[in-house]
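What follows is the residue order along each chain.
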Amino acid sequence: MSRSASKESIAVVGGGIIGLSVAMELLRNGKRVTVIERDMPMQACSAGNAGYLSEANIFPPASPDMLWQIPKLLLAKDGPLVIRPSYIGQMLPWGRRALSVLNLEAHSKVTDTLAAMTRLSFESISKLASQAGAAELLTRNGGLVAFKTIAGLEKKAAAIDTWNRYGFAVKRLSGHQMRELEPALVPEIIGGLLFERSGRCSNPQRLGLRYAEYLRNHGVEFVQDEVKALAWTPNGEVEVQGTRSEVCYSQAVVCGGFWSGVLMKRFFRTVPLVSERGYHLMLPSPGLTLSRPIVFGEPHFAATPMDEGLRLAGTAEFARWDSPPSWTRADMLLSLAQKYLRHVDGRQAKPWMGIRPSLPDGLPAIGTVPDAPGIHYAFGHAHNGLTLSGVTAQCVAALVHGTEPPVSVAPMALARFN
Ligand SMILES: Cc1cc2nc3c(=O)[nH]c(=O)nc-3n(C[C@H](O)[C@H](O)[C@H](O)COP(=O)(O)OP(=O)(O)OC[C@H]3O[C@@H](n4cnc5c(N)ncnc54)[C@H](O)[C@@H]3O)c2cc1C
């Protein structure tokens with residue numbers, strides 16, 4: 001027999017950056033909120049990301065180039081992007097859907113939606129951070145992409161028109177201009193791009209933990225439990241079935257990152273979520289200073305200055321979420337960084353692995369279950385979850401209240417995969 005939570009109460013399943021941001025936004029709107037997290041908040045993917053608040057990440061993951069690389073990806077053991085053989089079965093349907101976004105119309109739908117989201121991202125996250133007393137963790141002085149080859153730079157620069165069309169401030173810089181901004185870059189960097197209005201978070205885990213603290217201090221209940229299923233009851237409530245209790249709420253929001261698929265499968269025919277594992281290497285005394293995040297284009301990885309040192313992050317490893325981490329992938333980041341940054345000191349480096357919740361078209365899943373109007377979802381943010389956390393929270397709050405979201409959520413409905 002399930003008990004009912006108080007009237008107008010909302011359960012948020014998942015205490016990562018998405019769940020906590022949703023809880024912050026709902027609290028701001030005067031709702032009674034309960035966060036249900038099986039672990040402690042901010043221990044999963046959101047704990048160790050690169051902290052880059054990037055306006056520029058608006059393109060789907062698949063590109064025509066990728067088609068040619070597939071055989072290499074399947075064979076490579078330690079490239080920046082690998083697919084583990086035991087995961088190929090899950091990847092085939094995902095890959096088919098990812099490639100279907102290559103047509104112009106589908107591609108524009110993704111970039112239009114992501115651009116509308118990233119445009120609002122810094123302001124929305126800043127609002128939540130200020131409310132939680134964590135504004136000092138955010139900085140907005142741009143982000144760089146750096147190249148060693150003209151070919152690499154030209155290929156990236158081909159997207160400048162698209163970014164300009166969406167109103168993003170992008171500047172092409174020479175190698176000299178890049179080093180003026182970031183003297184630690186090696187002389188072999190021939191140029192790059194500056195995204196002037198991108199920003200960073202100097203400690204993504206602390207940001208989420210400050211949200212959690214603020215939420216607790218303002219009456220939000222935290223329940224440590226694993227949610228096994230959600231059900232829409234005949235009297236219009238959501239029964240949240242946990243391992244320890246069953247409680248009815250007036251509405252619920254699934255923000256379980258990669259694990260959201262398990263909960264959503266009973267409502268949708270297909271939830272093509274895969275585990276795209278990424279690694280970071282934290283250098284406590286890197287021996288150099290950066291002022292902003294730098295993404296290196298060849299191969300793709302990032303370096304972000306953090307409160308506790310320099311964070312090298314990236315690589316994509318499509319693999320079962322629970323298979324043992326391949327720590328060589330984190331170590332690999334140090335040898336890459338040494339080719340791009342002067343005098344990198346890797347002593348006492350600490351590796352970390354996180355599971356990006358990745359959907360094939362690059363859009364997150366944000367919406368409401370069609371036959372269960374009190375069950376909402378927000379997950380699948382892949383490489384963009386920190387950046388999109390605030391604006392996602394605003395979209396979810398609008399779904400809960402039945403008001404107009406700041407960005408149309410229709411293209412992000414899970415039903416797009418049916
Ligand atoms: C190496 C790396 C670098 C990255 N860099 C950036 C970056 O620079 N900028 C950026 O914007 N993004 C970045 N990302 C992506 C970003 O970190 C993710 O998109 C984001 O953290 C996803 O947040 P989430 O809250 O959806 O998931 P998570 O952080 O994984 O949280 C989900 C939570 O739900 C809980 N949960 C799941 N199922 C249940 C259940 N049934 N019951 C109870 N609890 C449950 C889990 O325990 C977990 O705590 C990076 C990711 C990686 C791996």
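Coordinates for the structure precede this section.
Residues numbered from 1 in each chain as written. Predicted model: local features only at pLDDT ≥ 70, side-chain atom pairs only at ≥ 80, totals over all residues. Heavy atoms only, no water.

Asker: Got a minute to help me understand the overall build of the protein chain in this structure?
Answerer: On a plain count of helices and strands, the protein chain comes out with 11 helices and 22 strands. For 418 residues, the compact-globule estimate of 2.2 N^0.38 gives 22 Å, and the C-alpha radius of gyration of the protein chain, at 21 Å, lies within 12% of that figure. Expressed along its principal axes, the backbone C-alpha trace of the protein chain runs to roughly 65 × 45 × 40 Å. Put simply, the protein chain has 418 residues, and 57% of those count as buried. A separation threshold of at least 6 residues defines the contact pool for the protein chain, and within that pool the share at least 24 residues apart is 75%. Accessible surface computed for the protein chain: about 17,500 Å², of which carbon and sulfur atoms make up 54%. (Helix = DSSP H or I, 4+ residues; strand = E, 2+ residues; numbered from the N terminus. Rg over C-alpha atoms; globule rule 2.2 N^0.38 Å. Buried < 20%, exposed > 50% of the residue type's maximum accessible area, 1.4 Å probe, protein only. Contact = heavy atoms within 4.5 Å. Areas by Shrake-Rupley, 256 points an atom, 1.4 Å probe, with all protein chains shown as cover.)

Asker: Teacher, can you tell me more about the site of the ligand here?
Answerer: Contacts to the ligand come from 36 residues, most closely from Glu37, Ser46, Tyr52, Ala382 and Thr387. Between the ligand and histidine 383 there is a distance of 2.9 Å, counted from a nitrogen atom to a backbone nitrogen or oxygen. Leucine 386 places a main-chain nitrogen or oxygen 3.0 Å from an oxygen atom of the ligand. The fraction of the free accessible surface of the ligand (1,000 Å²) that becomes covered by protein chains is 97%. Elements that contribute at least two residues to the shell around the ligand include exactly α1 (17-28), β3 (32-37), β16 (274-283) and β20 (350-358). The dominant element in the shell around the ligand, judged by the number of residues it contributes, is β20, at three residues. A per-class count over the shell around the ligand returns 16 nonpolar, 15 polar and five charged. (Near = heavy atom within 4 Å. Polar contact = N/O pair within 3.5 Å; in protein donor to acceptor, adjacent residues only side chain to side chain. Nonpolar A, V, L, I, M, F, W, Y, C, P; charged D, E, K, R; others polar.)

Asker: What's the story with the environment of tryptophan 327 in this structure? I'm lost.
Answerer: As for its placement among the helices and strands, tryptophan 327 is situated in the loop between β19 (309-318) and α10 (328-340). A residue is classified by how much of its surface remains accessible, and tryptophan 327, at 36% relative accessible area, is partly exposed. Along the chain, tryptophan 327 and proline 351 lie 24 residues apart, while their C-alpha atoms are 7.1 Å from each other. If sequence neighbours within four positions are ignored, tryptophan 327 has contacts with Tyr279, Pro351, Trp352 and Met353.

Asker: It is not clear to me how the packing of aromatic side chains should be interpreted in this structure. Could you clarify?
Answerer: For any pair of aromatic rings, the description consists of the separation of the ring centres together with the inter-plane angle of the planes. Taken as a whole, this structure holds 12 aromatic pairs when the rule is applied. When the ring of phenylalanine 59 is compared with that of tryptophan 163, the centres are 5.7 Å apart and the planes differ by 65°; the resulting orientation is edge-to-face. Of this pair, phenylalanine 59 sits in the loop between β4 (52-53) and α2 (64-75) while tryptophan 163 sits in helix α6 (residues 160-165), and the two are 104 residues apart along the sequence. One aromatic cluster in this structure is built from Phe59, Trp163 and Phe195. One Lys or Arg, arginine 38, reaches over the ring of tryptophan 259 and ends 4.6 Å from the middle of that ring. Its guanidinium or amino end placed over the ring of tyrosine 166, arginine 165 lies 5.8 Å from that ring's centre, counting from NZ or CZ. (Phe/Tyr/Trp six-rings, centres within 6.5 Å; stacked < 30°, edge-to-face > 60°. Lys NZ or Arg CZ within 6 Å of the ring centre and 35° of its normal.)

Asker: I would appreciate a short explanation of α10 in the present structure.
Answerer: Compared with the 18 Å implied by 1.5 Å per residue over 13 residues, the 19 Å span of α10 between its first and last C-alpha is a close match. Residues Arg329, Ala330, Met332, Leu333, Leu334, Leu336, Ala337 and Tyr340 constitute the buried set of α10. On the buried face of α10, the contacting elements are β5 (81-83), β16, β17 (294-297), β18 (300-306), β19 and β20. (Expected span 1.5 Å × (residues − 1).)

Asker: I would appreciate a short explanation of the pattern of salt bridges in the present structure.
Answerer: Scanning the entire structure with this criterion turns up 18 salt bridges. Salt-bridge contacts for glutamate 55 lead to arginine 197; the nearest nitrogen and oxygen are separated by 3.1 Å. Taken together, the positions of glutamate 55 in the loop between β4 and α2 and arginine 197 in the loop between β9 (191-195) and β10 (199-201) put the pair 142 residues apart, joining distant regions of the chain. When the shortest N-O distance is used, the salt bridge between glutamate 182 and arginine 292 registers 2.8 Å. Remark: arginine 292 occurs in the loop between β16 and β17 and glutamate 182 occurs in the loop between α7 (175-181) and β9; sequence separation between them is 110 residues. The burial state of glutamate 182 is the same as that of arginine 292; both residues are buried. Residues joined in a network through salt bridges with shared partners are Glu55, Glu123, Arg140 and Arg197. (Salt bridge = Lys/Arg side-chain N within 4 Å of Asp/Glu carboxyl O.)

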